[in-house]
Amino acid sequence: MNTLAPRPSILSVEPYVGGSSKLPGVNRVIKLSSNEGAFGPPPGAIAAIERAARDAHRYPDGGATALREAIGARFALDPARIVCGNGSDDLLTLLILAYGGEGTELIMSAHGFLMYDIAGRWAGSRVIKVPERDLVADVDAMLAAVGARTTMVFLANPNNPTGSILPQAEVDRLRAGLRGDILLVLDSAYAEYVERPDYDAGAALVDATGNTVMTRTFSKIFGLGGMRVGWCYAPPAVVDVLSRIRGPFNVNLAAMEGAIAALAEAGWIEKNLAHNSEWRARVTAALTEAGIKVWPSEGNFVLADFATAAAAQAADAHLKTRGLIVRAMGAYGLPACLRITIGAADENTLLIEALAGFMAEHRG
Ligand SMILES: *Cc1c(COP(=O)(O)O)cnc(C)c1O
């Protein structure tokens, strides 16, 4: 008799559905659903990935030494305290495997990045989603949610999908209010897009405490989502734990070479940042003008709020007929919203025109 079953928490996870990339019957598809960089991969990274193909029979360096050194040099961090992963998702999952699991609680904000919820369930953690204030994480409410079994707190800063950011003083206050045996994970996937002078992506808190980790990615501004490269900066004890449980070759050769080249691409961040700031402001202004509420964003995307789930669905359907794919937000508890990635100039222009047309039709 076959009575095979996984651990119960596994079946509480819905299979992940990523941002789609195909629309039947549409010639040109414009994908603004996964916050991928507006300019594609850096040219130097494409060349490096092509070169890596010739060594595809060799195992990669399991320690990712050259990549960690390149990251350390670029961001002024000690390479010995950097761990690389198959996307930052890999590292988020490994952290939960190590510090969460059955009998523990994981705290995140209500509209925080879904991966914490998903990986938390994989591990069997009880995931607590703390209500936000105007789509901004509420530090007092998060601290109040901490219980005896809490072992991990996750904060994406800036957050995806809301785009909101917590000031450094609030992040510091969150850390200061947490017990020493609680790991705070600062997910800074959008750090390179932030232009606030007081912003620190998390390294300062990692250095000042023994129980804070910062995660980063090559999937957003560096344009390498398909390569799957992420990294974290962590205290030595956490680096030790991760090095015991990560896959021995968790970053592949092409990904490593591509990421190293992306870091070396002259002017890449500056170019992307300037484009993003300009177009995020233009998209925000145009949508607002059309009568759509746009939440303030520090990332390469905006959250457009149509007030009702029915209106958001109708807007999404309207965009699809024009080949524009954005992200529905039901899974994030925001069914009246669509998350829209800032794309190339012509893509953004088509998006603006399509949504202005939709609003004109539906204003009655
Ligand atoms: C995109 C994203 C990630 C995932 O990045 P990968 O490195 O591609 O796994 C992590 N956190 C947030 C908040 C993101 O938006």
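This one's a predicted model, so the numbers in the text were calculated from it and none came from an experiment. (Residues numbered from 1 in each chain as written. Predicted model: local features only at pLDDT ≥ 70, side-chain atom pairs only at ≥ 80, totals over all residues. Heavy atoms only, no water.)

A. Layout of the sheet that holds strand S12 (residues 327-328). Pairing within the open sheet is antiparallel, and its four strands lie in the order S9-S10-S13-S12. Of all the strands in the sheet, just strand S9 (293-295) and S12 have a single pairing partner and so form its edges. Two strands pair when backbone bridges link them, and S12 and strand S13 (residues 337-341) are joined in this way by two bridges, in the antiparallel orientation. Bridge pairing in S13 places Arg327 opposite Arg339. Sitting on the sheet, helix H10 (residues 268-289) is in contact with S9, strand S10 (301-305) and S13, with an inclination near 10° to S10. (Pairing = 2+ DSSP bridges. Helix = DSSP H or I, 4+ residues; strand = E, 2+ residues; numbered from the N terminus. Contact = heavy atoms within 4.5 Å. Axes fitted to C-alpha atoms, helices over the stretch in contact; angles between N-to-C directions.)

B. How the structure looks around the pairing of strand S6 (residues 183-187). Within S6, five of the five residues are buried, which leaves it mostly tucked inside the rest of the structure. What you see with S6 is no split at all: Leu183, Val185 and Asp187 on one side and Leu184 and Leu186 on the other are buried throughout. Across five bridges, strand S5 (residues 150-156) lies against S6 in parallel orientation. Bridge pairing in S6 places Val153 opposite Leu184. The parallel pair S5 and S6, bridged by helix H6 (residues 168-177), forms a crossover whose chirality is right-handed. The sheet contact formed by S6 and strand S7 (residues 212-217) spans four bridges and is parallel. The partner of Leu184 across the bridge, within S7, is Thr212. Note on the crossover from S6 through helix H7 (residues 203-208) to S7: the handedness is right-handed. (Buried < 20%, exposed > 50% of the residue type's maximum accessible area, 1.4 Å probe, protein only. Right-handed = clockwise from strand over helix to strand, strands pointing away.)

C. Up close: the packing of aromatic side chains. Scanning all chains against the criterion turns up eight aromatic pairs. A centroid spacing of 6.5 Å and a plane angle of 70° characterise the contact between Phe39 and Trp268, whose relative ring orientation is edge-to-face. Pair noted here: Phe39 is in the loop between strand S1 (30-31) and helix H1 (43-52) and Trp268 is in helix H10, with a separation of 229 residues, a long-range link. Relative to Phe154, the ring of Tyr116 lies with its centre 4.7 Å away and its plane at 25°, an arrangement referred to as stacked. A residue pair is termed long-range when its members are at least 10 positions apart, and Tyr116 in helix H4 (residues 114-123) and Phe154 in strand S5 qualify at 38 residues. With respect to burial, Tyr116 and Phe154 carry one shared label: buried. Members of the aromatic cluster, joined through ring pairs, are Phe113, Tyr116 and Phe154. Positioned above the aromatic ring of Trp279, the side-chain terminus of Arg282 is 4.1 Å from the ring centre. Cation over ring: Lys293 sits above Trp295, and NZ or CZ is 4.1 Å from the ring centre. (Phe/Tyr/Trp six-rings, centres within 6.5 Å; stacked < 30°, edge-to-face > 60°. Lys NZ or Arg CZ within 6 Å of the ring centre and 35° of its normal.)

D. Summary view of the UniProt feature "modified residue: N6-(pyridoxal phosphate)lysine" (unreviewed entry) in the protein. UniProt annotation of "modified residue: N6-(pyridoxal phosphate)lysine" (unreviewed entry) refers to Lys220 when read in the numbering used here. Turning to its location among the elements, Lys220 is positioned in the loop between S7 and strand S8 (230-233). Apart from the residues lying within four places of it in its own chain, the contact partners of Lys220 are Ser34, Asn35, Glu36, Gly37, Ala189, Tyr190 and Tyr193. (UniProt positions renumbered as here; feature names shortened; annotations may be inferred.)

E. Seen up close, the pattern of salt bridges. Counted under the stated rule, the structure contains 17 salt bridges. Arg28 is paired through a salt bridge with Asp346; the nearest N and O atoms lie 2.9 Å apart. Within this pair, whereas Arg28 is found in the segment before S1, its partner Asp346 is found in helix H12 (residues 345-362), the two being separated by 318 residues in sequence. In this structure Arg28 comes out as partly exposed when scored by relative accessible area, which is 43%. Note that Glu36 and Lys31 form a salt bridge whose closest N and O atoms lie 2.9 Å from each other. Taken together, the shared-partner salt bridges in this structure form one network comprising Asp117, Arg121 and Lys129. (Salt bridge = Lys/Arg side-chain N within 4 Å of Asp/Glu carboxyl O.)

F. Summary view of the nonpolar core. If you look at the biggest cluster of nonpolar residues, it comprises 37 residues, and the most contacted ones within it are Leu67, Phe218 and Trp231. Listed by contribution, the elements that provide at least two residues to this core are H1, helix H2 (65-75), strand S2 (82-85), H7, S8, helix H9 (253-264) and H10. Looking at which element gives the most residues to this core, the answer is H9, with six residues. Residues within four places of Leu67 in sequence aside, it is in contact with Cys84, Phe218, Val229, Met256, Ala259 and Ile260. Membership of the second largest hydrophobic core comes to 34 residues, among which are Val13, Leu114, Ala119 and Tyr332. (Core = buried A, V, L, I, M, F, W, Y, C linked by side-chain atoms within 4.5 Å.)

G. Spotlight on the sheet that holds strand S4 (residues 126-130). Read from one edge of the open sheet, seven strands run S2-S8-S7-S6-S5-S3-S4, paired in mixed fashion. Each having just a single partner strand, S2 and S4 make up the two edges of the open sheet. Sheet twist, expressed as the average angle between the axes of neighbouring strands with direction ignored, equals 20°. With four bridges connecting them, S7 and S8 associate as antiparallel partners. What sits directly across from Met214, in S8, is Tyr233.

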